[in-house]
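Chain by chain, the residues run as shown.
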Amino acid sequence: MEAHYEGRETSFACDEVASTLELQAHRKGLEQLVRDYGEVLSLFSFIHLGSSVHGLGVLTTNLEARAAELLVATMAQFKRTQAVAGFHHVRKHLGAVDCALAAVNRMVRLKTLLSDPKLLHFLSVASQDLKVASRLLGTTAFDASACCASLPLLNGTGVEENGRAFRLGS
Amino acid sequence: MGEHSVWVLEYARSPVHPVSGVFYGAHNQGTMNLPFAYILIKTSDAVALVDVGHDADDFGGEIANSIGVTGWTHPAEVLSECDVRPEDVTHIFITHAHFDHIGGLKFFPNARIFIQKKELESWMWILAKGPRFRSLRAGLNPADILYLTHANVESRLELIDGVRDNVIPGIHLYPAFDTHTAGSQYVVLDRDGSDNRLVLSGDVIYTYKNIDGGDQNDPFYVPPGLANGSQTRMIEVAAEMMGFVGDDKRRIIPVHEEKLAECYPSRVTDKGLKIVEVCLAGSEKTRV
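Remember, it's a predicted structure, so these values are computed and weren't measured experimentally. (Residues numbered from 1 in each chain as written. Chains lettered and ligands numbered in written order. Predicted model: local features only at pLDDT ≥ 70, side-chain atom pairs only at ≥ 80, totals over all residues. Heavy atoms only, no water.)

Q: What exactly am I supposed to notice about the overall build of chain A here?
A: Each helix and strand counted, chain A has four helices and zero strands in total. In chain A, the succession of helices and strands from N to C terminus is α-α-α-α. Taken across its 170 residues, chain A has 46% of its residues classed as buried. When the accessible surface of chain A is totalled, it reaches about 9100 Å², and 57% of it is carbon and sulfur. (Helix = DSSP H or I, 4+ residues; strand = E, 2+ residues; numbered from the N terminus. Buried < 20%, exposed > 50% of the residue type's maximum accessible area, 1.4 Å probe, protein only. Areas by Shrake-Rupley, 256 points an atom, 1.4 Å probe, with all protein chains shown as cover.)

Given below as structure tokens:
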């Protein structure tokens, strides 16, 4: 059916509309954020585990350094996405992840509250919201492109593409 | 008849798993059907699982989708075929921390969880090394680590350092370090003495072809292609397993083996999933 706009104002501004390329780039950026937050979540979970299991805390300092470095970069990247239109629902959940992991980071830096149930609470909140964001984007929380049998690697005939022999995974 | 009943319970499958992931060096040989399963062990006073599958409703489900896994079925439904409820499970032996082996932990709220300490240490090391090492963490799911943290707070997590004999009477845990993953382990189950053991191999052995190379007359080891450790270590540990079972490969139980049903009694459930009955205790009724 042909649309008719006679006598109407057809020009409009909407911050939810962007070009396809912009949307694709924005989506890729959000997918990367999901993975980065997923990695931070794993790091903090291991830090918690390492703090409470005898003999498992050897790498805690390294994990804390990596978590802090990644969290700063990820939070900065998240702030940049706030200036771009679209994916409001995803960004809302990533915002909740961001807040929860920031709270965890503060507690880890204090080093006195690792046994605090609040820490697990914040980690669980981050996990739940990250899961929703991951679902909305249809992506994995860790980069699974190196996972065995990743479907994009198959050429539609169920046969692996040539020249991609190094696939690690489950 | 022994004191243990053992079933292999399929919970999902991949119709498009690359052959090269299952057999080292088998490049450009297409894909194969690969069952995803866990093992149920019942004794007179324990209900144990070797691995727990993944949770389709969690990050693991996204990973599973991305690699073509289909037909996931909830553990309550899978276990009901053997008249077991998830809350009845008392022990869980995790062979390694890939999402399809550890991701279903949350379904078993009363179970004690046994995993090699080295498995967790290695994942910590990989994460600490940063993004250039990220190919080593494929198959890891952040929610699973968080669940282990919860389980630890509830005093249900037990880290194993090497061999653990009689974790349940007659059931032993053995390390398979630097094989499929850095801290893999496998389970040895005694039945009626040492000449009748079973080995539950985890992913150190995917299929019987990993043990005999597909040559019954002149067998040779072909390790799985997928390994964070080395293929040499995979072969060494496969040989160790064969030592436990007196060179009788049928008593090694690889959960990804499609042909298990040709070795043991089996049936297909209404959901199209296979149940393989490896052995029955005297008091137990058949489920196939």
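Q: So what exactly am I meant to see when it comes to the confidence of the model for chain B here?
A: Fine structural detail should not be taken from predicted coordinates in areas where pLDDT scores are low. Overall, the prediction assigns chain B a mean pLDDT of 93, with 99% of residues at 70 or greater. Here the predicted complex carries an ipTM of 0.84, next to a pTM of 0.87. (pLDDT = per-residue confidence, 0-100.)

Q: Before we go on, may I ask you to explain the pattern of salt bridges in this structure?
A: A side chain with one charge can pair with a side chain of the opposite charge if their charged atoms come near. Using the criterion set out here, one finds 25 salt bridges over all chains in the structure. Its salt-bridge partner being glutamate 31 of chain A, residue arginine 27 of chain A comes within 3.3 Å of it at the nearest N-O pair. Placement of the pair is arginine 27 of chain A and glutamate 31 of chain A together in helix H1 (residues 20-52), with a separation of four residues, close to one helical turn. With a relative accessible area of 30%, arginine 27 of chain A lands in the partly exposed category. Between glutamate 39 of chain A and arginine 66 of chain A there is a salt bridge, with the nearest N and O atoms lying 3.0 Å from each other. Here glutamate 39 of chain A is found in helix H1, whereas its partner arginine 66 of chain A is found in helix H2 (residues 60-81), with 27 residues between them in sequence. Here the two residues glutamate 39 of chain A and arginine 66 of chain A agree in accessibility, since each one is buried. In this structure, a network of salt bridges that share partners links the residues Lys42, Asp83, Glu284, Lys285 and Arg287 of chain B. (Salt bridge = Lys/Arg side-chain N within 4 Å of Asp/Glu carboxyl O.)

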